[in-house]
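These are the residues of each chain, in order.
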Amino acid sequence: MSAHSRLVGSEPARSASRFNRAEVVDENFVRFVTEWAAREDGAETSGPTDDPVEAGGRVTRRDLVELFESQMVCRHQDIEARRMRARDEGFYTIGSAGHEGNALLGRLTRHTDPAFIHYRSGAFMAERARLAGVADLTTDVMHSFAASSLDPIAGGRHKVWGSVAMNVPPQTSTIASHLPRAVGAALSIPRAKRMGAALPVPPDAIVVCSFGDASVNHAVAQTAFNAAAWSAHQKFPVPILFVCEDNGIGISVHTPPGWIEATMSHRPGITYVQADGLDLLAGYDAVADAVKLCRTRRCPVFLHLKVVRLLGHAGSDVETEYHSWEDIEAAERLDPLLKTAELALEHRVLSAGEVLARYEAIRTRVQEAARVAAAAPKLTSAEQIVAPLAPCTPDAVLTEACRPADRQARARAFGGADHLPENAPPRHMAVLINQGLHDILAKYPNAILFGEDVAKKGGVYHVTTGLHQRFGAGRVFNTLLDETMILGLALGAAHVGLLPIPELQYLAYYHNAEDQVRGEACSLQFFSNGQYRNPMVIRIAGWGYQKGFGGHFHNDNSIAALRDVPGLLVATPSRGDDAVKMMRTCVAMGAVDGRVCAFIEPIALYMQRDLYEPKDGAWQFAYPPPDECVPFGEGRVYHENATDLTILTFANGLWLSLRAARTLLEEHGIAARVVDLRWLSPLNEAFVLAQARATARVLVVDEGRRSSGVAEAILALIHESCNGNVIARRHNALDTYVPLGPAANLVMPTEASIVEAARDVCAHAEAASRCG
């Protein structure tokens, strides 16, 4: 039995409340060191020197002292967080107590190694701050606990671990959702190096990614492990250090003993290393070896760090509901700070008095920082809160979108100056988008395009044909069939300076991976106060009406989950030339403002050439010159002089509504202006209202489902803004999945049903006018 186990024993400190385990753990530490002091013989201590703690060992006395200080800082931050909560001065109590061994990761990795970490990383951050020269991390942490607007990473929006100087993107209470991003970054560092792209980190950087044992079981963690192993199996470099901090429990659910070893120790392509996170001397070599292996071999390593959880899951967690007092006290006897104190005292690195002096000095520093943070300003307006969420500099974006690629780069992209697409005849949407992607990859040397089947096959609809051959496998490549990892790869690529254009094969597949957009991509600028960004344009083939190959998964018509994401741009073109010009704007918004855009391409219009009659070619368009774009939010109006009715629509609805408008005019004498919204989130409200007021009669043709569709938002806007002076109705798909074959027309808007709905709006308006 170790000295600290004998001294702490089974009796908890009695001066603190038995239910306040933070105070108990604090008093246990002080009592342990104080009792040791009573037995000291007065022998001289070495202090922090460069001599090894143990003969032949790799840990120096300076290492031990500095690691111990980082552990103390972490512990006092946890204790003070709970005191702040009790005073209603702090708002976050998920702590790192028991996980302080992760200070080894902070010391043995470089501060230039990107670190995607979980919420028990206080000691890691304290130690990395030392390496990065961050002067006063404690003050920063207290500001974050207090939700102070002076918090240097999130600006008071949330308690996150994050720092630009330390290469730690902000991370909060995630359950493994950061793992795909981390794998994406690890894959993208060597890719960017091969491309010659400017890297924000050294080319030999590794990616550090930490998480708890319970998170290993989550599907999003499994997809990250699988992608790392899948890539390593093909000899791709994947320099990622997975760090599983195993405390044996997730809130109240225990991890079966031996499960992490069993599931991860023999995983193909991933090297497993186990380390003791409770004993710095015992754990140091294994952690150092894992880091070295990952850095030199550029391979994925799974570091299994054994730790213990102290103080429950969070301050609000009543641990006695699922643990006995004996269980709680047994865990406290494993306190890593007691072990580090024992090492420092036994090896005469520090005296008991010196340990206590350092411990109390850190307590004083933390408490003073908490006092300052509690009095610091808070966010006081909604405008302050949302400021970093969706940055928009329209003039700069417009300039960038209309900036052509270099002439020579364009000539190479299109096989010579004589083959530029703007000199070719009008073509259908699939061809124009393909040409537009050639232009974008020529314009942005850091852009990469990837997804399922996009490379040699050219996509299932041939929209990416030729890109792989023209730009090479480094920039256009296939991924494994996993939407979560496709988006995770985009996130990681953006983190290391690339401009990703991932493709999701079908809109229905987005739902497999939506938290990578909602919880990761679109939250980054918000939680970093605009200091981090991950620009991307997600190309999604979607909407309904696909003939010959339909059904729900290939004709999904719901974008509610996209429109619900704060900060996400949703764009959908209806014709090929618009698609090219809108994509230029979307990519520019990524490059300039760091925005995330979902670009939904209507499958049924990919190959559509005609509008009114067979072979009329009216739905083929000329390729727009490279200095043209569609400004964000700008719609397109057809039949602008029509005054009887306004049809607001998008995607397939535009093609159907234009046909319906001809029937309305020729057969019913109703002149309808048809408006293509083009941008669905956020809506250009001023434009919508202007078009509604132009005729005071509105039909919204929305091929999405009736519940939570775009039409709901438009009707609410008109109702709130037009004081009853505009009559508006909607015509949606039904709230159902899209069936296979002709049956789809029974649940989706059709040309005939649009005509009928338009006539109803006009008839209602006439009746209302007579009654008025």
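Here, every reference points to the structure presented above.
Since we're looking at a predicted model, the values are computed, not measured. (Residues numbered from 1 in each chain as written. Predicted model: local features only at pLDDT ≥ 70, side-chain atom pairs only at ≥ 80, totals over all residues. Heavy atoms only, no water.)

Asks: Which residues make up the environment of Val 207, and what are the values?
Replies: With respect to the helices and strands, Val 207 occurs in strand 4 (residues 207–212). Residues Val 207 and Pro 114, 93 residues apart in the sequence, show an inter-C-alpha distance of 5.1 Å. (Helix = DSSP H or I, 4+ residues; strand = E, 2+ residues; numbered from the N terminus.)

Asks: So what's going on with the packing of helix 17 (residues 429–443) against helix 24 (residues 576–593)? Residues and values would help.
Replies: Contact geometry for helix 17 and helix 24: axes closest at 8 Å, N-to-C directions at 30°. Overall, the two elements helix 17 and helix 24 adopt an arrangement that is roughly parallel. Pair helix 17 / helix 24 crosses with right-handed handedness. Along its contact with helix 17, which presents Met 429, Leu 432, Ile 433, Gly 436, Leu 437, Asp 439 and Ile 440, the element helix 24 presents Gly 576, Asp 577, Ala 579, Val 580, Met 583, Arg 584 and Val 587. (Axes fitted to C-alpha atoms, helices over the stretch in contact; angles between N-to-C directions. Parallel < 35°, antiparallel > 145°, perpendicular 65-115°, else oblique. Left-handed = near helix turned anticlockwise from the far one by under 90°. Contact = heavy atoms within 4.5 Å.)

Asks: Outline the side chain of Ser 753, supporting the account with residue identities and numerical values.
Replies: With respect to the element layout, Ser 753 can be found in helix 29 (residues 751–771). Residue classification places Ser 753 among the buried positions, given a relative accessible area of 18%. With near-sequence residues (within four places) excluded, Ser 753 lies in contact with His 731 and Met 748. (Buried < 20%, exposed > 50% of the residue type's maximum accessible area, 1.4 Å probe, protein only.)

Asks: Which residues make up the packing of aromatic side chains, and what values do they have?
Replies: Using the criterion set out here, one finds 17 aromatic pairs in the structure. Ring geometry for Trp 619 and Phe 621: centres 5.4 Å apart, planes at 75°, overall edge-to-face. Overall, the relative accessible area of 3% leaves Trp 619 in the buried class. Ring plane angle 70° and centroid distance 5.2 Å describe the contact between Phe 632 and Trp 679, whose orientation is recorded as edge-to-face. One end of the pair, Phe 632, is in the loop between helix 25 (603–606) and strand 16 (636–638); the other, Trp 679, is in strand 19 (residues 679–681), and 47 residues separate them in sequence. The class of Phe 632 is partly exposed, set by a relative accessible area of 29%. In textbook terms, an aromatic cluster arises when at least three aromatic residues are bridged by ring pairs, as seen for Phe 211, Phe 225, Phe 242, Tyr 272 and Phe 302. Its end group placed over the ring of Trp 36, Arg 39 keeps NZ or CZ at 4.9 Å from the ring centre. Taking NZ or CZ as reference, Arg 191 lies 3.6 Å from the ring centre of Phe 477, over its face. (Phe/Tyr/Trp six-rings, centres within 6.5 Å; stacked < 30°, edge-to-face > 60°. Lys NZ or Arg CZ within 6 Å of the ring centre and 35° of its normal.)

Asks: Which residues make up the pattern of salt bridges, and what are the values?
Replies: Applying the stated rule across the entire model yields 48 salt bridges. One salt bridge connects Arg 371 with Glu 368, and the closest N-O pair in it is separated by 2.5 Å. Pair noted here: Arg 371 and Glu 368 are both in helix 13 (residues 352–374), with a separation of three residues, about one helical turn. Several salt bridges share partner residues, and in doing so they unite Glu 23, Asp 26, Glu 80, Arg 83, Arg 87, Glu 89, Glu 360 and Arg 363 into one network. (Salt bridge = Lys/Arg side-chain N within 4 Å of Asp/Glu carboxyl O.)

Asks: Please provide a residue-by-residue account of the sheet that holds strand 9 (residues 301–306), values included.
Replies: Strand order in the open sheet formed by five strands is 1-4-5-9-8, with parallel pairing between adjacent strands. Of all strands in the sheet, those with a lone pairing partner are strand 1 (115–116) and strand 8 (271–276), marking the two edges. Sheet topology note: the strand 5 (residues 240–246)/strand 9 ladder contains six bridges and is parallel. In the strand pairing of strand 9, Cys 244 is matched with His 304. (Pairing = 2+ DSSP bridges.)

Asks: Go over the sheet that holds strand 18 (residues 672–676), please, and point to the residues and values.
Replies: Spatial ordering of the open sheet is given by 16-18-17-20-21, a layout of five strands whose pairing is mixed. If you trace the sheet from one side to the other, it starts and ends with strand 16 and strand 21 (727–733), each paired once. Along the sheet, successive strands turn relative to each other by an average axial angle of 20°, direction set aside. Where strand 17 (residues 645–649) and strand 18 come together, five bridges link them in parallel fashion. Each bridged residue has a counterpart across the sheet, and for Ile 647 the counterpart in strand 18 is Val 674. Across the face of the sheet, helix 28 (residues 710–721) comes into contact with strand 17, strand 20 (697–705) and strand 21 while running at roughly 175° to strand 21. Strands strand 17, strand 20 and strand 21 of the sheet are contacted by helix 29, whose axis makes an angle of about 145° with strand 20.

Asks: Can you break down the nonpolar core residue by residue, with the values?
Replies: Ranked by internal contacts, the top residues of the largest apolar core, which has 87 residues, are Phe 225, Phe 242 and Phe 302. Setting aside chain neighbours within four positions, we find Phe 225 in contact with Leu 179, Phe 211, Val 216, Phe 242, Met 264, Arg 267, Ile 270 and Phe 302. If you look at the next biggest cluster of nonpolar residues, it comprises 85 residues, including Ala 22, Leu 108, Ala 290 and Cys 299. (Core = buried A, V, L, I, M, F, W, Y, C linked by side-chain atoms within 4.5 Å.)

Asks: Account for unusual backbone geometry, naming residues and giving values.
Replies: Going from Ser 681 to Pro 682, the amide bond is cis rather than trans, its omega being -5°. Although it is not a glycine, Ile 251 sits at a positive phi angle of roughly 55°. Inspection of the secondary structure assignment puts Ile 251 in the loop between strand 6 (249–250) and strand 7 (253–254). Residue Arg 678 is not a glycine yet carries a positive backbone phi of 70°.

Asks: Describe in detail the pairing of strand 21, supporting the description with residues and values.
Replies: With five of its seven residues buried, strand 21 lies for the most part within the structure. Taken together, the seven bridges between strand 20 and strand 21 define a ladder with parallel strand orientation. Its bridge partner being in strand 21, Val 700 is matched across the sheet by Arg 730. In terms of handedness, the path from strand 20 via helix 28 over to strand 21 forms a crossover that is right-handed. (Right-handed = clockwise from strand over helix to strand, strands pointing away.)

Asks: Lay out the packing of helix 7 (residues 179–195) against helix 19 (residues 483–495) in plain terms, naming residues and giving numbers.
Replies: Relative to each other, helix 7 and helix 19 sit at 60°, their axes nearing to 6 Å. In terms of their interaxial angle, helix 7 and helix 19 are classed as oblique. Crossing of helix 7 against helix 19: the hand is right-handed. Between helix 7 and helix 19, the contacting residues are Pro 180, Arg 181, Val 183, Gly 184, Ala 185, Leu 187 and Ser 188 on the first element and Thr 484, Met 485, Gly 488, Leu 489, Leu 491, Gly 492 and Ala 493 on the second. Looking at side-chain class alone, the contact of helix 7 with helix 19 contains eight nonpolar, five polar and one charged residues. (Nonpolar A, V, L, I, M, F, W, Y, C, P; charged D, E, K, R; others polar.)

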